[in-house]
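Chains, contacts and geometry: an overview
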Amino acid sequence: MAKTPQCQSCGMPMSKPEEFGTEKDGTRSEKFCSKCYENGEWTNPDATFDEFYEISLKGFQESDMSKVGKFFLNKMYTKKFLKKLERWR
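Since the structure is predicted, the reported quantities are computational estimates derived from the model, not experimental observations.

Calculation notes
- Starting afresh in each chain, residues are numbered from 1 along the sequence in its written order.
- Confidence filtering applies because this is a predicted model: local features only for residues at pLDDT of at least 70, side-chain atom pairs given and counted only at 80 or more, and all residues used for totals across whole chains, interfaces and linings.
- Water and hydrogen atoms play no part in the side-chain values, which are based on all heavy atoms of the structure.
- Going along the chain from the N terminus, every DSSP run of H or I of four or more residues is numbered as a helix, and every run of E of two or more is numbered as a strand.
- Throughout, the radius of gyration refers to the C-alpha atoms, and the reference size of a globule is 2.2 Å times the residue count to the power 0.38.
- Contact between two residues is taken to exist if any of their heavy atoms lie within 4.5 Å; hydrogens are not considered.
- Where accessible areas are quoted, they stem from the Shrake-Rupley method and a 1.4 Å probe; at the residue level, only the protein chains shown are allowed to cover.
- Here Asp and Glu are counted as negative and Lys and Arg as positive; His is not counted, and neither are the chain ends.
- To locate a charge, take atom NZ for lysine, CZ for arginine, CG for aspartate or CD for glutamate.
- UniProt positions are given in the numbering used here, feature names are shortened, and annotations may be inferred rather than shown by experiment.
- In this analysis, rings of Phe, Tyr and Trp, with Trp reduced to its six-membered ring, are considered paired at centre separations within 6.5 Å, and the interplanar angle assigns stacked below 30 degrees, edge-to-face beyond 60, and tilted for intermediate values.
- For the exposure calls, accessible area comes from a 1.4 Å probe over protein chains only, and a residue counts as buried if that area is under 20% of its type's maximum, exposed if over 50%, partly exposed in between.

**Some thoughts on the overall build of the chain**
Helix and strand counts for the chain stand at three helices and four strands. Going from the N terminus to the C terminus, the chain shows its helices and strands as β-β-β-β-α-α-α. What you see for the chain is a C-alpha radius of gyration of 13 Å, in line with the 12 Å of a compact globule of 89 residues. With respect to the principal axes defined by its C-alpha atoms, the chain has extents near 40 × 35 × 20 Å. Of the contacts formed within the chain by residues at least 6 apart in sequence, a portion of 37% connects residues at least 24 apart. Accessible surface for the chain amounts to roughly 6,300 Å². Of this, 54% is attributable to carbon and sulfur atoms. Considering the chain, the positive charge centre built from 16 side chains and the negative charge centre built from 14 side chains are found 9 Å apart.

Shown next as C-alpha cells:
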C-alpha cells in the first residue's frame with residue numbers, strides 16, 4: 001500500500017489532486033499542499049516558523065476533521081514534528 005504524501009511545509013496528508021499546490025507552470029507540486037504553496041510561491045512567505053506553526057495548528061483545529069482526529073492532532077502536531085519537514089530543515 002502506497003504511503004499518502006504529506007505536505008513538506010505543514011504536514012497535511014495530500015490524497016486528492018486539489019490538495020496539492022502548484023508550480024509556476026501550473027503543474028502539481030509533489031511536495032507541498034495548496035494551502036502552503038500556489039503558483040510556485042508560499043502562501044505565507046513572511047511568516048516566521050513560530051507564526052506558521054500557530055497558523056497551521058489553528059487551521060487544522062478549525063477544519064472539519066473528526067474529534068478523534070483533532071485529539072491526535074493536538075498530541076502529534078508539535079514544533080518538533082514541523083521542523084522535520086523539508087521546508088523547515
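This is not the end of the story, as more comes after the structure.
**Regarding the UniProt feature "domain: Putative zinc ribbon" (unreviewed entry) in the chain**
The feature "domain: Putative zinc ribbon" (unreviewed entry), as annotated in UniProt, sits at residues 7–89 in this numbering. Strand forms 16% of residues 7–89 and helix 34%; the C-alpha atoms that close the span are 14 Å apart.

**Focus on the packing of aromatic side chains**
Scanning the model with the defined rule gives nine aromatic pairs in all. Summarising the aromatic geometry, the rings of Phe 71 and Phe 72 are spaced 5.4 Å apart at their centres and angled 80° between planes, so their arrangement reads as edge-to-face. Of the residues examined, Phe 71 reaches a relative accessible area of 48% and is grouped as partly exposed. Judged by centre distance (5.8 Å) and plane angle (55°), the ring pair of Tyr 77 and Phe 81 falls under tilted.

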